[in-house]
Amino acid sequence: AINLTELMLLPPKFMLRQEVLKLYRDIFRTIRQVPDKSSQSELRAWARYDFQANRHQSDEVAIKMLLQHGRRSLTELRTSLHLSGTGTGK
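Quick summary incoming for the structure in this document. (Residues numbered from 1 in each chain as written. Predicted model: local features only at pLDDT ≥ 70, side-chain atom pairs only at ≥ 80, totals over all residues. Heavy atoms only, no water.)

1. Notes on helix α4 (residues 60-84)
Owing to its 3.6 residues per turn, the α-helix brings residues three or four apart onto one side. Formally: Helical segments are the DSSP runs of H or I of at least four residues, strand segments are the runs of E of at least two, and each set is numbered from the N terminus. For a helix, the expected span equals 1.5 Å multiplied by the number of residues minus one. Per-residue accessibility, obtained with a 1.4 Å probe over protein chains only, is compared with the maximum for each type, and a residue is labelled buried under 20%, exposed over 50%, and partly exposed between these values. Any two residues having at least one pair of non-hydrogen atoms within 4.5 Å are treated as being in contact.
The terminal C-alpha atoms of α4, which comprises 25 residues, lie 36 Å apart, in line with the 36 Å expected from a rise of 1.5 Å per residue. Where α4 is concerned, the buried positions are A62, I63, L67, G70, S73, L74, L77 and L81. The elements touched by buried residues of α4 are α2 (12-31) and α3 (37-53). Backbone geometry just downstream of α4 places G85 in the positive-phi region, at approximately 80°.

Laid out in structure tokens, this is it:
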């Protein structure tokens, strides 16, 4: 386990990478809750494309903006699933 002091010494890009990976996993976990397999497939393709298209982004500000956009999209998907009664709403 990493303690707070070690965490503060990690480079910001490492921290951003962890946030990006968490968002990626969260998006794909949420997509699995979509009942329609065709929609699941489309959503997976969209998510993969977006992550691949920005894979080599190195500007920290741009990465933070992309993370914000991704989180907003994830929230919208979760809200949609929750309202339809199919998602856990997390």
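2. Things to note about the packing of α2 against α3
If you want to describe how two helices pack, look at the angle between their axes and the distance between the axes. Heads up, the condition is: With axes taken as lines fitted to C-alpha atoms, and helix axes fitted only over the stretch in contact, angles between N-to-C directions fall between 0 and 180 degrees. Roughly parallel means an angle under 35 degrees; roughly antiparallel means over 145; roughly perpendicular covers 65 to 115; every other angle is labelled oblique. Asp, Glu, Lys and Arg are counted as charged, while Ala, Val, Leu, Ile, Met, Phe, Trp, Tyr, Cys and Pro are counted as nonpolar; the rest, among them Gly, fall into the polar class.
For the pair α2 and α3, interaxial distance at closest approach is 10 Å and the crossing angle is 170°. Relative to α3, the element α2 is oriented roughly antiparallel. Within the contact between the two elements, α2 uses V20, L23, Y24, I27, F28 and I31 and α3 uses Q40, L43, R44, A47, R48 and F51. Residues that form the contact of α2 with α3 fall into these classes: nine nonpolar, one polar and two charged.

3. So, the side chain of Q40
With respect to the secondary-structure elements, Q40 resides in helix α3. Non-local contacts of Q40, meaning those with residues more than four positions away in its chain, are made with I31, R32 and V34.

4. Quick word on the layout of surface pockets
The condition is simple: Here the term cavity refers to a set of points on a 1 Å grid, laid over the protein atoms alone, in which a 1.4 Å probe fits but cannot get out; the term pocket refers to an open set having protein on both sides within 12 Å along at least five of seven lines, with lining residues being those that place an atom within 4 Å of a point. Grid points are joined across faces, edges and corners, and a volume is the space filled by probe spheres set on the points.
Taken as a whole, the largest pocket holds about 710 Å³ of empty space. Lining the largest pocket are 23 residues, with V20, L21, F51, N54 and R55 positioned closest to its centre. Broken down by secondary-structure element, the contributors of at least two residues to the lining of the largest pocket are α2, α3 and α4. The greatest single-element share of the lining of the largest pocket, amounting to eight residues, is contributed by α2. Across the lining of the largest pocket, the residue classes break down as 12 nonpolar, six polar and five charged.

5. Structural notes on the packing of aromatic side chains
To be explicit about the condition: Pairing of aromatic rings covers Phe, Tyr and Trp, the last counted by its six-membered ring, and requires centre-to-centre distances within 6.5 Å; plane angles under 30 degrees mean stacked, over 60 mean edge-to-face, and any other angle means tilted.
Scanning the entire structure with this criterion turns up two aromatic pairs. Taken together, a centroid distance of 4.6 Å and an interplanar angle of 40° make the contact between Y24 and F28 tilted. Residue Y24 and its partner F28 are both found in helix α2; the two are separated by four residues, about one turn of the helix. For Y24, a relative accessible area of 30% gives the class partly exposed. Taken together, a centroid distance of 4.9 Å and an interplanar angle of 85° make the contact between Y24 and F51 edge-to-face.

Worth remembering: the numbers are spatial, not functional.
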